[in-house]
Amino acid sequence: MLLRATLCCAALLLVPACAPRTGLEPAASASTLAPTAADAEYTRFAREYLDWYYAAHPVRSTSLGLHAYDTRLPDLSAEAHQRKGKALHGWLARLERLDRSGLTGYAVFDVRILENAIRADLLELEEVRDWQRNPMLYNSTIANGLSSLSQREFAPVDERMRSLMARMEGIASVVAAAKANLRDVPKPWAEQALRDTRGTVGFLRSDLPKALEAQGLGKVDAALRQDFSAALARATAEVDGFAQWQEKQLLPKANGDFRLGRALFERKLALEEHVALTAEQLRDINERAIREYHAWVAAEAARVDATKTPEAVMAALAHDHPSAEELIPTARKQLEACQRFVLEKGLLTLPSERLPTVRETPPYARMGFASMDTPGPFETRATEAFYNITNVEPGWTEEQKAQHLTYFNQAGLLGVTVHEAMPGHFVQLLYEAQVPTEVRKVFTPASLVEGWAHYVEQMMVDEGFGGGDPAVRLGQLRRALQRHARWHAGLSMHAFGESVEGAARRYAEIAYFEAFPALREVQRGTFNPTYLYYALGRMQILKLREDYERYLEAHGRTFSLRDFHDRFLRLGLPVSLARQALMPGDTSPSVE
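No experiment lies behind these values; they were computed from the predicted model shown.

1. Thoughts on the overall build of the protein chain
In step 1: The number of helices and strands found in the protein chain is 25 helices and four strands.
In step 2: Among the 592 residues that make up the protein chain, the fraction classed as buried is 60%.
In step 3: Carbon together with sulfur atoms contributes 51% to the accessible area of the protein chain, which is approximately 23000 Å² in total.
In step 4: Side chains of the protein chain give 70 positive and 76 negative charges; the mean places of these two sets differ by 2 Å.

This is how it looks when you write it as C-alpha cells:
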C-alpha cells in the first residue's frame, strides 16, 4: 500500500502538447512540430484546473510537494461541498467543449485522465457522498494535514511550526463539519474512525513533538515555542473531544449500509481505474484466477511436503515468522537483498541506488500491514521515503499477536519488501521525475501504483528470486491470493450483497488466512470497495507485457524485460492507456 506524502520535479508548468517525442507515445500524437489550437486550449484548461485543484485540496497539495497552501485545511462544510460540485460541473462542461480531434502529443491521453478525474470527484461528491457518511474522512484530513508538515524537513522547523499552528486553528471547523454532516454512518466505518482518531490523539501527544524536537525545536525562539505548545494543547483537546463524540454519539447510532450497490461500484471502478467491466465479468475473471492460483499452490506445496494438504503446508509456512522484535531488522536485510537481485539481473534501470528507511508504522496510519510513505512528485527538499511495517499492538491478546505475525512469515515478508520497496513502490517513486506531465503525476490510478507493486512480486520470483525455493513461490502465491480475496470481498459485499462475516470466511479460504487478519482485511473492504485494483493492475500489466512482446515481434523488434519496465514506468499512464501508447492502434481489452 502506498501512502503518498510527498520527488524531484520543481517545475509546475505542464509539458507542452508538442513535447519532444520519447518513443513512448503513439506516432500520430507527435506528428506535428507546432501546437494546434486545440493543444493551446487544452494547456490553458489543464493549467487553470490544476491551480484550482491545488487550492481546493490544500492537504493533498502539501503531500504532492507543493507548499503554497501549507497553512490551510479544506473547508468540509456542506456549503463548501455544494460550491465544489458546482465548480466541477463547470470544469467538466468546459472540457467537453474542447476539440479533442485536434489534440496531439501527451494531451491525447492526459485529457482522458482529467475527464475521468473530474467525473470521479463528482461521483464521490454527489452519489457516494463519503463526506456525509464516512467519519474517517475528517480524521484523515486532520492527521494528514499535520503529519505532512511535521514528518519531512522541506522548510525550516520554525516555518513549518507556524504552518502547523495555522492548520491547528482549523481543526475545530473540521470537527464541526463532521458533526453537522455525518449521518447514516456504517458501523465498521465508525469503529475504524474511532481507532484512527485515537491514533491521531497519540500522534499529537507524542509523535509530532518528538519529530519536531529531532528537527531542532530546541533552537526555535522561546516565544514561538510557547505559542506552539499552547496551539498543540488546544488541537489535542479538540481531537480528543472528537474521539469522545464519536464514541458516545456517533458509534451507538452507526447503523448505515456501507454497500455501494452494483451500478455505483461499476462506475467508480471505470472512472478511477479506467476499466469498464460489469460486476459479473469481474466476478468471472476473479474466480478463474483463484482456481488457477490454487492449482499452482497445490503443485508447489507438493514440492514442500507431498504428504500434507496445501492448506497444511501453507499454515506451516505462515507460522515461520520473525518475532515482533526481529521484524524490522529482518525487513532491512531483505531490502538490501532485493536491490542486489534487481541490479544483478538487470530487471530495470534504477535511477538511484538509495534505499528507503525501514520503520514501524506510525500510530495514526496503522490501518494496513505495511506501506510505503513517499515524497510527492513535486517535492525538492524533503525526499525521504519510509517503508512502514505495522507491528503487533500492546493491547492485543497473545493469539491476536501471533495471528498478525503470520502475515509476516519469512516468505511473506520478502514479498512485502518487494512490493513496498524494491522494485515496487519505492522504485516507482524514483521514476516519477521521468513521467512527462503534471497531470499524470497528480492523477495516478491505484491500479497503476498498486498493480505495479503487486506485479513485481510475481515477476521477481519468475526471474529467479529465491533460488527456486518453493516456500518463496508459495509466499508470493499466498499474497496473490490475498489480493484476489480482496477482489472477492469488495465485489461480493458491494455488488452482490454479501455480509462481512460471509466475506471474511471466504477470504480466509481463498488466501489461507487466519480468521482475525481475514476479518481486518474484509473490514477495510467495507470502505475501500474497489481494492481489487491490486490484482486487477497486476493482471493488466502481465497481459500488456505479453501483448507488447508479440507486438514487437510482429514489427521485427526484440523484446527486453528491462526496456519494457523502463518504458512502462516512464509513461505514468493507466494500463489501458499505456497499451495504446506502447502499441498504437491497440483495441484489445486490458484484462479478460
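After that view, the rundown keeps rolling.
2. What about the environment of K333?
In step 1: Along the chain, the position of K333 falls in helix α14 (residues 327-345).
In step 2: With relative accessibility at 62%, the residue K333 sits in the exposed group.

3. Digging into the pattern of salt bridges
Proximity of charged atoms lets side chains of opposite charge pair with each other.
In step 1: Evaluated as defined, the whole model comprises 37 salt bridges.
In step 2: E41 is paired through a salt bridge with R44; the nearest N and O atoms lie 2.5 Å apart. A residue pair is termed a helical-turn pair when its members lie 3 or 4 positions apart in one helix, as E41 and R44 do in helix α1 (residues 37-56) at three residues.
In step 3: We classify E41 as partly exposed; its relative accessible area is 27%.

4. Description of the nonpolar core
One recurring pattern in soluble globular proteins: nonpolar side chains tend to sit buried together.
In step 1: Counting residues in each nonpolar core, the largest one holds 164 residues, and the members touching the most others are M168, L208, Y387 and F443.
In step 2: Grouped together as the second largest cluster of nonpolar side chains are 22 residues, L123, V275, L282 and I285 included.

5. Regarding the environment of Y387
In step 1: Considering the arrangement of structural elements, one finds Y387 in strand β4 (residues 386-389).
In step 2: Here the alpha-carbon distance between Y387 and G497, two residues 110 residues apart in the chain, equals 36 Å.
In step 3: Within the structure, the side chain of Y387 is placed 2.9 Å from the side chain of T417, a separation counted as a polar contact.

6. Description of helix α8 (residues 171-181)
In step 1: Of the positions making up α8, those classed as buried are I171, V174, V175, A177, A178 and N181. Mapping the buried residues of α8 onto a view down its axis gives an arc of 160°, with all of them on the same face. Of the exposed residues in α8, those oriented more than 90 degrees away from the buried face are S173 and A180.
In step 2: In this structure, the buried residues of α8 make contact with α3 (78-96), α5 (130-133), α6 (136-150), α7 (157-169) and α10 (222-250).

7. Re the environment of L277
In step 1: Looking at where L277 falls in the secondary structure, it is placed in the loop between α11 (262-273) and α12 (279-304).
In step 2: Here L277 is in contact with E266, L282, I285 and V591, once residues within four sequence places are set aside.

8. Focus on the pairing of strand β3 (residues 370-374)
In step 1: Within β3, five of the five residues are buried, which leaves it mostly tucked inside the rest of the structure.
In step 2: Residues A370, M372 and T374 point to one face of β3 and S371 and D373 to the other, with burial holding for every one of them.

9. A closer look at the packing of aromatic side chains
In step 1: Tallied over the entire structure, the rule returns 23 aromatic pairs.
In step 2: Each ring, one from Y49 and one from Y53, has its centre 6.2 Å from the other, and the planes form 40°; the classification is tilted. Remark: Y53 and Y49 occur in helix α1; sequence separation between them is four residues, near one turn of the helix.
In step 3: Residue Y53 is classed as buried on the basis of its relative accessible area, which comes to 7%.
In step 4: When the centroid spacing of 6.2 Å and the interplanar angle of 75° are considered together, the rings of F369 and F408 count as edge-to-face. Of this pair, F369 sits in the loop between β2 (357-360) and β3 while F408 sits in the loop between α15 (398-406) and α16 (410-420), placing them 39 residues apart in sequence.
In step 5: The class for F369 is buried, based on a relative accessible area of 5%.
In step 6: Looking at F408, the relative accessible area reads 0%, which means it is buried.
In step 7: The positively charged end of R359 is found above the aromatic ring belonging to F386, 4.0 Å away from the centroid.

10. Considering the confidence of the model for the protein chain
In step 1: Averaged over every residue, the pLDDT of the protein chain is 92; residues scoring 70 or more account for 94%.
In step 2: A low-confidence stretch, residues 4-32 (pLDDT under 50), is modelled with 96 contacts involving residues beyond four sequence positions or located in other chains.

Cut-offs applied
- Residues numbered from 1 in each chain as written.
- Predicted model: local features only at pLDDT ≥ 70, side-chain atom pairs only at ≥ 80, totals over all residues.
- Heavy atoms only, no water.
- Helix = DSSP H or I, 4+ residues; strand = E, 2+ residues; numbered from the N terminus.
- Buried < 20%, exposed > 50% of the residue type's maximum accessible area, 1.4 Å probe, protein only.
- Areas by Shrake-Rupley, 256 points an atom, 1.4 Å probe, with all protein chains shown as cover.
- Lys, Arg positive; Asp, Glu negative; His and termini not counted.
- Charge placed at Lys NZ, Arg CZ, Asp CG, Glu CD.
- Salt bridge = Lys/Arg side-chain N within 4 Å of Asp/Glu carboxyl O.
- Core = buried A, V, L, I, M, F, W, Y, C linked by side-chain atoms within 4.5 Å.
- Polar contact = N/O pair within 3.5 Å; in protein donor to acceptor, adjacent residues only side chain to side chain.
- Arc of directions from axis to C-beta.
- Contact = heavy atoms within 4.5 Å.
- Phe/Tyr/Trp six-rings, centres within 6.5 Å; stacked < 30°, edge-to-face > 60°.
- Lys NZ or Arg CZ within 6 Å of the ring centre and 35° of its normal.
- pLDDT = per-residue confidence, 0-100.

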